[in-house]
Amino acid sequence: MLPLPVFLLILSAVVAVPPVLAKTSRNATGHDESNSNAQPHIIFILADDLGWNDVSFHGSYQIPTPNLDELAYSGVMLTNYYVQPICTPTRSALMTGKYPIHTAMWHGVIIGPEPWGLGLNETILPQLMKQQGYSTHMVGKWHLGFFSEEYTPSQRGFDSYYGYYNGKGDYWTHYDSEVYSGFDFHMNGSVYKSTYGQYSTNLFTQRAEDVIASHNKSKPLFLYFAHQAVHSGNDAQHALEAPKEYYDRFPNITDENRRMFAAMVAVMDESVGNVTRALKQAGLYDNSVIIFSTDNGGPAHGFDFNHANNYPLRGVKLTLWEGGVRGTAFVHSNLLKKTPRISHDMLHVSDWMPMIYGLAGGDVSTLKDLDGYDIWPTISLGQKSPRSEILLNIDTEAAVSALRMGDLKIINGDVQRGKWSGWYEPEGLPPHYVPPPPPASAFAVHCPTKPSNASTNCNPFEATCLYNITHDPCEFYNIADWNQDIVDSMTKRLDEYKASMVPARNKPIDPNANPALHGGYWVPWVKTK
């Protein structure tokens, strides 16, 4: 065995198992009482499959993201923020403030013809915002179920909806070919055919701008903008799509797939700039909170026909390695008290729901059985995060689980028998290329020296692996062998979470969903009333 860095030989962190599992988030003192009569506008922008190394504010030297950078550098960048490893579970956590194990959304994603969705027993974020007097609008990807009308966004608290129900699709035709093929674009519960042939990121951006421009200023605005970008499309031949003028911006990227991916990021970055400008033109910007997040880590190196990048983090989308669950995110607002700033506090996607509800004037203490916390004092004032742990997921069907507690993380099992557990450098670099140093304001992950056995010192199928993520974010050094007491303590905590799981809601494919039976469209096909 190779000698380890000194920081890994001495563990200063003491892992204590909290005495209770469930808790209710509390209203915190960080909300601005002087502004209590002017509820802020909330703009939540969710990117799809954006990797850690796909933005220049993380030091990416391939893909400039000037509009995202401008907001991130003048706001609060989140470096220790976690999402779920795949689309549907993250969106369920965002909407409910709960871990997917507590909403039955912990196994995989909703495939088009599967008759299930986020439970109607859950009161979700837009419904709560309407209770606080907000106008609520959604643009983009839903992916929380549409088999029955009651599960669609128009029936779950959004005053307007413009987007698609499934998890992916063609950016130009808006056809999704998941098991069956059909057109998937909707407006307020009805098929919206006039979008055929128009690029989805541009469509969604224009819609968001229109919502902002036409907003009645006597009410606060909640806009949830869930991008299709930069998810792959239907198949390998049409997986990555962008207008040619954006593709032409990246002649320096020699890999065609990575180059097209860069073009998709560029369109999305421009979209964020356009939305920001629309807020300013409408006179809403000064009282707005803009939250930007990815839904999971990037599908790198051809995973899911995509070419995102998480380097130097380990793994890809779907995995519980850092590359699958450490999310790209920031908060930008004139209402933030301490900016610009980089926050290293532990945060999770389930924290947004209680935070946003608290900003809207809601009493967070009335929200029961949450896993999320009201983190506005952490975001705005720089107070210590209320979190000491994050459950990254438990999937008993796939036999994978991971838990972060303080500096430390345990991981059990891996998806696809560990096929995607490596470290994937950006594609399309010239031979012997030496990257420039990241911009001074960027946050770039720095790893210890990589040992020759980094790929083999952890076999999560045979034994739990343990990493000190604070000092080893790239998961090079498995330190479980000589810290079995810590492994045992964290495993006990993981078992407590496992005991609180509810059975997965997943259902098998229903042939009655076939768009061929519904005029060629993906629409609700189960009548429950």
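Everything numeric in this text was worked out from a predicted model, so none of it was measured.

### Regarding the pairing of strand 16 (residues 400–405)
Here's step 1: The buried fraction of strand 16 is high, at six of six residues.
Here's step 2: With burial as the criterion, each face of strand 16 is covered, one bearing Val400, Ala402 and Arg404 and the other bearing Ser401, Leu403 and Met405.
Here's step 3: The hairpin turn running from strand 15 (residues 389–395) into strand 16, its antiparallel successor, is four residues long, and Ala399 in that turn takes a positive phi close to 60°.
Here's step 4: As judged from the five bridges shared by strand 16 and strand 17 (residues 408–412), these two strands associate in the antiparallel manner. Paired with Arg404 across the strands is Lys409, a residue of strand 17.
Here's step 5: Hairpin connection, strand 16 to strand 17: the antiparallel pair is bridged by two residues, and Gly406 has positive phi, about 60°.

### Looking at the UniProt feature "domain: Sulfatase N-terminal" (unreviewed entry) in the protein
Here's step 1: When the UniProt feature table is mapped to this numbering, "domain: Sulfatase N-terminal" (unreviewed entry) covers residues 40–361.
Here's step 2: A helix fraction of 25% and a strand fraction of 18% characterise residues 40–361, whose end C-alpha atoms lie 9 Å from each other.

### Things to note about the nonpolar core
Most often, soluble globular proteins keep nonpolar side chains buried together rather than apart.
Here's step 1: Within the largest apolar cluster, 57 residues are counted, with the highest numbers of intra-cluster contacts made by Leu78, Tyr224, Trp352, Met355, Ile356 and Ile379.
Here's step 2: Ranked by the residues each element gives to this core, the list is headed by helix 9 (residues 352–359), at six residues.
Here's step 3: Filtering out sequence-adjacent residues up to four positions away, Ile379 remains in contact with Val76, Leu78, Val331, Leu336, Arg341, Leu347 and Met355.
Here's step 4: Counting 55 residues, the second largest nonpolar core, distinct from the first, contains Met77, Tyr162, Met264 and Tyr285.

### Regarding the side chain of Asp269
Here's step 1: Along the chain, Asp269 falls in helix 7 (residues 256–281).
Here's step 2: Although Asp269 is buried, it makes no salt bridge; Arg249 carries the closest opposite charge, 6.6 Å away.
Here's step 3: Once you skip the residues sitting within four places of it in the chain, Asp269 turns out to touch Thr65, Pro66, Asn67 and Leu68.

### Focus: the state of the cysteines
What makes a disulfide is a covalent bond joining the sulfur atoms belonging to two cysteines.
Here's step 1: For the structure shown, the criterion picks out two disulfides.
Here's step 2: Between the sulfur atoms of Cys447 and its disulfide partner Cys474 the distance amounts to 1.7 Å. Highlighted residues: Cys447 in the loop between strand 17 and strand 18 (465–468) and Cys474 in the loop between strand 18 and helix 11 (484–499), separated in sequence by 27 residues.
Here's step 3: Since its relative accessible area comes to 29%, Cys447 is described here as partly exposed.
Here's step 4: Judged by relative accessible area, which is 0%, Cys474 ranks as buried.
Here's step 5: In this model, Cys458 is linked to Cys465 through a disulfide, with the two sulfur atoms separated by 2.0 Å. Torsion about the S-S bond of the Cys458 and Cys465 cystine: about 95°, corresponding to right-handed handedness. The residues Cys458 and Cys465 share a single accessibility class, namely buried.

### Brief notes about unusual backbone geometry
Here's step 1: Residue Val230 follows Ala229 across a cis peptide bond; omega there is 10°.
Here's step 2: With respect to the helices and strands, the residue Val230 is situated in the loop between strand 10 (221–226) and helix 6 (244–247).
Here's step 3: At the junction of Tyr311 and Pro312, the peptide bond is cis and its omega measures out at 10° in the coordinates.
Here's step 4: Looking at the element boundaries, Pro312 is found in the loop between strand 11 (288–294) and helix 8 (322–325).

Rules used in this analysis
- Residues numbered from 1 in each chain as written.
- Predicted model: local features only at pLDDT ≥ 70, side-chain atom pairs only at ≥ 80, totals over all residues.
- Heavy atoms only, no water.
- Buried < 20%, exposed > 50% of the residue type's maximum accessible area, 1.4 Å probe, protein only.
- Helix = DSSP H or I, 4+ residues; strand = E, 2+ residues; numbered from the N terminus.
- Pairing = 2+ DSSP bridges.
- UniProt positions renumbered as here; feature names shortened; annotations may be inferred.
- Core = buried A, V, L, I, M, F, W, Y, C linked by side-chain atoms within 4.5 Å.
- Contact = heavy atoms within 4.5 Å.
- Lys, Arg positive; Asp, Glu negative; His and termini not counted.
- Salt bridge = Lys/Arg side-chain N within 4 Å of Asp/Glu carboxyl O.
- Disulfide = S-S within 2.5 Å.

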